[in-house]
Amino acid sequence: MFGLDPFHFWTAIAITLFSGFVKGAIGFAMPMIMLAALGSFLPAQQAVAAVILPVLVTNIRQALRGGWRPAWQATRDWRWHVGMVVLFIPVSAFFATRVPQWLMYALIGLPITGFALWQILGRSLVLPVHHRRRMEIATGVTGGLIGGISGIWGPPLLVLLLSLHVPKAEQMRVQGVVFFIGAAVLTLSHLQSGLLNARTLPFSAILVVPALVGMGLGYLAHDRLDAARFRRWTLILLALTGANLLRRALELAGPAV
């Protein structure tokens, strides 16, 4: 099945279903969970390729949950961050197939682990914002550079949203808009880079189905459950899976160095 044995194929389906659930419940972390978990048994480049279409489609759904007018307004309100993400994802995507696997795992694992542990320890990811435009540009550049290589560009945006104390509903919408635009650029970039090709594209397309099913279930949780407690357990999982990616990075780096 797409070059995988049945166990790993259905494991990938289950991982995507769960990550879609988390996405619907808290609005982010889908590519982090998928990359961390898929990266434990897939080559790094194949894991990144598998994530691309599920992330693209689920972010369209998230961005438009409140209608296209609020989504368009969010795009205009956060245009500087969006613009930098759009500009810098293609720049770094060029290097995605040229980066050693151990470095790819490290680039994915470090931000996942750091972000999760920082939140679990009760630290506040709030930066002093004296000039919003500068912060949007800085976080957009950072997210774009990381995103083109690893498929993850969300953490810098989350830092910005938390720093500005953006309300929950708007935060969900902004995340959907920015993540969708970034995912669209990433998809086009990796069609050019060769990471998305006739071998990797069908598997990524199949994963869209469990992603949407999981997201629908996640919306039910988002509307009914204690989001803070659920988010904490999600962060614990992210820290563990991110640490596993770092372990693999060290294992692969050993022979290389």
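Residues numbered from 1 in each chain as written. Predicted model: local features only at pLDDT ≥ 70, side-chain atom pairs only at ≥ 80, totals over all residues. Heavy atoms only, no water.

## Focus: helix 3 (residues 44–63)
The condition is simple: Numbering of helices and strands runs from the N terminus, with a helix taken as a DSSP run of H or I at least four residues long and a strand as a DSSP run of E at least two residues long. Each helix should span, by expectation, one fewer than its residue count multiplied by 1.5 Å. A residue's bend is simply the angle between two axes: one fitted to the seven residues ending at it, one to the seven starting at it. When accessible area is computed with a 1.4 Å probe and restricted to protein chains, residues below 20% of their type maximum are described as buried, those above 50% as exposed, and intermediate ones as partly exposed.
Between its first and last C-alpha atoms helix 3 spans 28 Å; for 20 residues at 1.5 Å apiece the expected length is 28 Å, and the two agree. Largest kink in helix 3: about 25 degrees, centred on Ile52, with the proline Pro54 one to four residues after it. Across the 20 residues of helix 3, 17 count as buried, placing the element largely inside the fold.

## Side note on the UniProt feature "transmembrane region" (unreviewed entry) in the protein
Selection criterion: UniProt positions are given in the numbering used here, feature names are shortened, and annotations may be inferred rather than shown by experiment.
Summarizing the sequence annotation, UniProt attributes the feature "transmembrane region" (unreviewed entry) to residues 6–26, 33–58, 78–95, 102–121, 141–164, 176–195 and 201–221 in the numbering used throughout. From the first C-alpha to the last, residues 201–221 spans 30 Å; its make-up is 95% helix and 0% strand.

## Focus: the layout of surface pockets
How we decide: Only protein atoms enter the 1 Å grid, on which a cavity is a set of points fitting a 1.4 Å probe that cannot get out and a pocket is an open set with protein on both sides within 12 Å along at least 5 of 7 lines, lining residues being those with an atom within 4 Å of a point. Grid points are joined across faces, edges and corners, and a volume is the space filled by probe spheres set on the points. Gly is placed with the polar residues, together with every amino acid not listed as nonpolar (Ala, Val, Leu, Ile, Met, Phe, Trp, Tyr, Cys and Pro) or charged (Asp, Glu, Lys and Arg).
By volume, the second largest pocket is sized at about 150 Å³. Forming the walls of the second largest pocket are eleven residues, and the residues nearest its centre are Pro111, Phe115, Pro155, Pro156 and Val159. Taken together, the elements giving at least two residues each to the lining of the second largest pocket come down to helix 6 (101–120) and helix 8 (154–163). It is helix 6 that contributes the most residues to the lining of the second largest pocket, four residues altogether. Looking at side-chain class alone, the lining of the second largest pocket contains ten nonpolar, one polar and no charged residues.

## Re the packing of helix 1 (residues 6–26) against helix 2 (residues 30–38)
This is how it is decided: Inter-axis angles, ranging from 0 to 180 degrees, are taken between N-to-C directions of lines fitted to C-alpha atoms, where helices are fitted over the stretch in contact. Our angle categories are set so that under 35 degrees counts as roughly parallel, over 145 as roughly antiparallel, 65 to 115 as roughly perpendicular, and the remainder as oblique. Note on convention: near helix rotated counterclockwise from far helix by under a right angle means a left-handed crossing. Clockwise means right-handed. By the convention used here, residues are in contact when the closest approach between their heavy atoms is within 4.5 Å.
Axis separation between helix 1 and helix 2 bottoms out at 8 Å; the angle between their running directions is 160 degrees. The angle between the axes of helix 1 and helix 2 places the two elements in the roughly antiparallel class. As helix 1 runs across helix 2, the sense of the crossing is right-handed. From helix 1, Ala12, Ile15, Thr16, Phe18, Ser19, Gly20, Val22 and Lys23 reach across to helix 2, where they touch Met30, Ile33, Met34, Ala37 and Leu38. Its residues assigned to classes, the contact of helix 1 with helix 2 comprises nine nonpolar, three polar and one charged.

## What about the packing of helix 5 (residues 79–93) against helix 9 (residues 168–193)?
Running from N to C, helix 5 and helix 9 point in directions that differ by 20 degrees, and their axes come no closer than 9 Å. In terms of their interaxial angle, helix 5 and helix 9 are classed as roughly parallel. Between helix 5 and helix 9 the crossing geometry is right-handed. Every residue of helix 9 that contacts helix 5 at His81, Val82, Val85, Val86, Ile89, Pro90 and Ala93 is listed here: Val178, Ile181, Gly182, Val185, Leu186, Ser189, His190 and Ser193.

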